[in-house]
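The chain contents come next:
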Amino acid sequence: YMEAILEIGAFLLLFVISTVFLAKDYDSIMNGLLDREECHIILEITCGIIRYVATFVKAQLLIMFLIGCTSALVLGVSGIPGGVFWGILAGFLDALPFLGTGIVLLPLTLVQLVNGHYVQVVVCILLYVGCIFIREWLEPKLIGRKMGIPPWVVLTAIYAGIKLFGVVGIIKGPLGFVLIQQAYLSLKKT
């Protein structure tokens, strides 16, 4: 136990000392790197990727919020017990690729069907389709608009990513496109 504490303490001490030395020489290190042309290209590509990731996260949060609010409102008004809770949960779980709101809405549909609440079954199915539509319509628009990329290109990149990498291709496809685009634009400038 004491050995682990000493290892953590030594690591933290080394980390603090390294940070102080790096902060002291930060300006000279950055100026030295920025004097090199290849570092400009790498920096531009890195900034483009960071900008894409930030845009992607903001778009996902906005879509999750909209789907959560819509689901909570629809399920609450339709008289489903705990509808607001299930709607908010559906909004949170919407971030999961392919499963998303279906994790909540499909079992909820089955429960309503078993209980004989056919109007609520129809409401759940329509809500599920609506949530899919909201995501598929907003995602390319939000990401493409911020990045200056047409929505059809974002959709194509997502599709190619899924075909190449599976579920994680939803992120890797557009990220790969942004990487290629930024590299092309950076090299075009030189």
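No experiment lies behind these values; they were computed from the predicted model shown.

### Some remarks on the side chain of Gln-120
Within the secondary structure, Gln-120 is located in helix α6 (residues 118-147). Gln-120 sits in the buried class, given a relative accessible area of 16%. The contacts of Gln-120, once residues within four sequence positions are left out, are Ser-78, Ile-80 and Gln-112.

### Examining the environment of Thr-101
Mapped onto the elements of the fold, Thr-101 is located in the loop between α4 (83-93) and α5 (102-114). As a C-alpha pair, Thr-101 and Gly-87 span 14 residues in sequence and 8.7 Å in three-dimensional space. Leaving out residues up to four positions away in the same chain, Thr-101 has contacts with Ile-67, Ala-90, Leu-93, Asp-94, Tyr-128 and Cys-131.

### Brief notes about the packing of aromatic side chains
A complete count under the given rule lists two aromatic pairs for this structure. Measuring from centroid to centroid gives 6.2 Å for Phe-11 and Phe-15, while their planes differ by 25°, and the two rings are stacked. With Phe-11 and Phe-15 both in helix α1 (residues 2-24), this residue pair falls four residues apart, about one helical turn. On the basis of an interplanar angle of 65° and a centroid distance of 5.1 Å, the ring pair of Phe-85 and Trp-86 is categorised as edge-to-face. Residue class for Trp-86 comes out partly exposed when judged on its relative accessible area of 32%. The side chain of Lys-172 reaches across the aromatic face of Phe-165, ending 4.9 Å from its centre.

### Here's the deal with the packing of helix α3 (residues 37-77) against α6
Between α3 and α6, whose axes approach to 9 Å, the crossing angle comes to 155°. Judged by the angle between their axes, α3 and α6 are roughly antiparallel. Between α3 and α6 lies a crossing of right-handed hand. Tallied by class, the residues present in the contact of α3 with α6 amount to 19 nonpolar, five polar and four charged.

### Some points on a nonpolar patch on the surface
Where nonpolar side chains cluster on the molecular surface, the patch consists of Ile-8, Phe-11, Leu-12, Phe-15, Val-16 and Val-20 and spans about 620 Å² of accessible area. Tracing the backbone through its elements, the reader meets Val-16 in helix α1.

### Re α6
Here α6 contains 30 residues, and its C-alpha end-to-end distance of 44 Å stays within 8% of the 44 Å for a straight helix at 1.5 Å per residue. In the segment just after α6, Gly-148 is the residue with positive phi, at about 75°.

Calculation notes
Residues numbered from 1 in each chain as written. Predicted model: local features only at pLDDT ≥ 70, side-chain atom pairs only at ≥ 80, totals over all residues. Heavy atoms only, no water. Helix = DSSP H or I, 4+ residues; strand = E, 2+ residues; numbered from the N terminus. Buried < 20%, exposed > 50% of the residue type's maximum accessible area, 1.4 Å probe, protein only. Contact = heavy atoms within 4.5 Å. Phe/Tyr/Trp six-rings, centres within 6.5 Å; stacked < 30°, edge-to-face > 60°. Lys NZ or Arg CZ within 6 Å of the ring centre and 35° of its normal. Axes fitted to C-alpha atoms, helices over the stretch in contact; angles between N-to-C directions. Parallel < 35°, antiparallel > 145°, perpendicular 65-115°, else oblique. Left-handed = near helix turned anticlockwise from the far one by under 90°. Nonpolar A, V, L, I, M, F, W, Y, C, P; charged D, E, K, R; others polar. Patch = residues over 30% accessible without salt bridge, like charges linked within 9 Å, V, L, I, M, F, W, Y side chains within 5 Å. Areas by Shrake-Rupley, 256 points an atom, 1.4 Å probe, with all protein chains shown as cover. Salt bridge = Lys/Arg side-chain N within 4 Å of Asp/Glu carboxyl O. Expected span 1.5 Å × (residues − 1).

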